[in-house]
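Understanding the architecture of this molecule
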Amino acid sequence: MLLIDLGNSRLKWRQWDGQTLSPVETVPHQDGQLGSAFAVHLSALSNSHKASVSCVARPQLRDALERALDHADIESEWPASPAHGLGLSNSYSQPERLGVDRFLALAAAYSVAGSACCVIDVGTATTVDLCDDQGIHQGGLIAPGPVPLSQALSQQTALPRAADQMPSQLGWATNTEQALQLGALHTACGLIERSFKLAQIQLGCEYAWLTGGGAAWLAPYLDIPLKRDDDLVFRGLILHQQETHGLDPL
Ligand SMILES: Nc1ncnc2c1ncn2[C@@H]1O[C@H](COP(=O)(O)OP(=O)(O)OP(=O)(O)O)[C@@H](O)[C@H]1O
Ligand SMILES: CC(C)(CO)[C@@H](O)C(=O)NCCC(=O)O
Ligand SMILES: [K+]
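Here the structure is a predicted model, which is why all the values come from computation and not from measurement. (Residues numbered from 1 in each chain as written. Chains lettered and ligands numbered in written order. Predicted model: local features only at pLDDT ≥ 70, side-chain atom pairs only at ≥ 80, totals over all residues. Heavy atoms only, no water.)

The secondary structure content of the protein chain amounts to seven helices and 12 strands. Relative to the compact-globule value of 18 Å for 250 residues, the protein chain shows a C-alpha radius of gyration of 19 Å, a close match. Overall, the protein chain is about 55 × 45 × 35 Å in size when its C-alpha atoms are taken along their principal axes. In the protein chain, which comprises 250 residues, the share counted as buried stands at 44%. Computed over 15 positive and 26 negative side-chain charges, the separation of the two mean positions in the protein chain equals 5 Å. (Helix = DSSP H or I, 4+ residues; strand = E, 2+ residues; numbered from the N terminus. Rg over C-alpha atoms; globule rule 2.2 N^0.38 Å. Buried < 20%, exposed > 50% of the residue type's maximum accessible area, 1.4 Å probe, protein only. Lys, Arg positive; Asp, Glu negative; His and termini not counted. Charge placed at Lys NZ, Arg CZ, Asp CG, Glu CD.)

Printed below as a string of structure tokens:
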């Protein structure tokens, strides 16, 4: 089956045969359009008849993906965050409003750790979610990811766009583009290190899980114990599949 992670910048997918995951494939989306690239990929995935989708994108994109899957004769499931499920208790007063990517990633981390977890996802947004030793979600936070952060500043001022790359030596910036890039980096690191410090004090977490498109970029600059895992959302989808359809979902 197909496992799909539809975020606010990119659509990512992997195939799951009950034992192994195929390498991740990614297409960016823009202006509410899935783009023709995905349709081309879908036609090559005709051996998949089912899909499970983690979707936090706008309705227009969700509808476009639903239509593309229908058209390819792929039956799809669109889980929402439950009040209780996958080993976790959701702390939101309206459980379904917790982004399903957040719930799935935390559930996947907790299923491995079996103890308190602090999951940090650096994507279009940076999110932090915590659960205790019993799998009770403690809540979390949502902040702009590094790119939207520096883009917002460029849009509201006469400032240029941030540089695309960090300099190889991390010092104080001596031009505007690098200064904006460095500001985004330090904002993200500060948020993450501070969140982890609280997770350590409040829950005894020994490391933070780091996931999302920005994880590889940020990890070298973070001064906390980390467990990198780019598959948390996908593995959360597998847990959901197993919980709702048993061990033989294919
Ligand atoms: N070279 C880089 N310079 C600056 N930022 C980078 C770089 N590489 C990755 N990033 C960061 O990674 C962040 C997340 O990337 P991206 O939006 O692709 O993540 P994602 O997890 O696919 O997001 P979503 O799930 O919302 O689609 C970007 O916002 C950006 O901050
Ligand atoms: C915060 C994002 C955008 C992160 O992908 C997503 O999880 C989302 O749209 N969440 C809904 C709001 C919430 O989680 O409270
Ligand atoms: K993400």
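Okay, the sheet that holds strand β2 (residues 10–15) next. Taking strand neighbours across the sheet as the criterion, the five strands line up as β3-β2-β1-β4-β5 in an open arrangement whose pairing is mixed. With partners counted over all chains shown, the strands left at the sheet margins are β3 (25–28) and β5 (75–77), one partner each. Direction aside, neighbouring strands of the sheet carry axes that sit 20° apart on average. Where strand β4 (residues 50–55) meets β5, three bridges bridge the pair, whose relative direction is parallel. Following the sheet pairing, K50 is matched in β5 by E75. Across the sheet, helix α1 (residues 36–43) touches β1 (2–6), β2 and β3, and the angle it forms with β3 is around 155°. Against the sheet, helix α2 (residues 59–71) touches β1, β2, β4 and β5, its axis set at about 160° to β1. (Pairing = 2+ DSSP bridges. Axes fitted to C-alpha atoms, helices over the stretch in contact; angles between N-to-C directions. Contact = heavy atoms within 4.5 Å.)

What follows deals with the UniProt feature "binding site: K(+)" (unreviewed entry) in the protein chain. UniProt feature "binding site: K(+)" (unreviewed entry): in the numbering of this structure it lies at D121. Exposure remark for D121: the relative accessible area of 14% places this residue in the buried category. Residues in contact with D121, not counting those within four places in the same chain, are T126, T127, T211 and G212. (UniProt positions renumbered as here; feature names shortened; annotations may be inferred.)

Taken as a whole and assessed by the stated rule, the structure comprises one aromatic pair. Above the plane of the ring of F234 lies R14, whose end atom (NZ or CZ) is 5.9 Å from the centre. (Phe/Tyr/Trp six-rings, centres within 6.5 Å; stacked < 30°, edge-to-face > 60°. Lys NZ or Arg CZ within 6 Å of the ring centre and 35° of its normal.)

A word on the sheet that holds strand β8 (residues 117–122). One open sheet accounts for five strands, arranged β10-β9-β8-β11-β12; its pairing is mixed. Each edge of the open sheet carries a strand with a single partner, namely β10 (137–144) and β12 (226–228). Within the sheet, the average angular offset between the axes of one strand and its neighbour, ignoring direction, is 20°. Sheet topology note: the strand β9 (residues 125–131)/β10 ladder contains seven bridges and is antiparallel. Bridge pairing in β10 links L130 to G139. Along the sheet, helix α5 (residues 176–203) contacts β8, β9, β10 and β11 (208–211); its crossing angle with β9, the most-contacted strand, is approximately 5°.

Attention now moves to the domain arrangement of the protein chain. Interface size is commonly expressed as the accessible surface area that is lost when the partners come together. Per the domain assignment, the segments making up the protein chain are domain 1 (2–78) and domain 2 (84–236). Computed over C-alpha atoms only, the centres of domain 1 and domain 2 are separated by 24 Å. Here domain 1 packs against domain 2, burying approximately 820 Å² in sum over the two surfaces, 66% of which is carbon and sulfur. Considering only the surface of domain 1 that becomes buried against domain 2, R14, S54 and V56 emerge as the three largest contributors, covering 43% of it. Here domain 1 and domain 2 share one salt bridge between them. When the shortest N-O distance is used, the salt bridge between R14 and D231 registers 2.4 Å. The tally of links between domain 1 and domain 2 comes to two residue pairs in polar contact (both at pLDDT 80 or more). Looking at which element gives the most residues to the side of domain 1 that touches domain 2, the answer is β2, with four residues. In terms of residue class, the side of domain 1 that touches domain 2 is made up of six nonpolar, three polar and four charged. (Domains from an automatic or database assignment. Buried area = accessible area lost by both parts, 1.4 Å probe. Salt bridge = Lys/Arg side-chain N within 4 Å of Asp/Glu carboxyl O. Polar contact = N/O pair within 3.5 Å; in protein donor to acceptor, adjacent residues only side chain to side chain. Nonpolar A, V, L, I, M, F, W, Y, C, P; charged D, E, K, R; others polar.)

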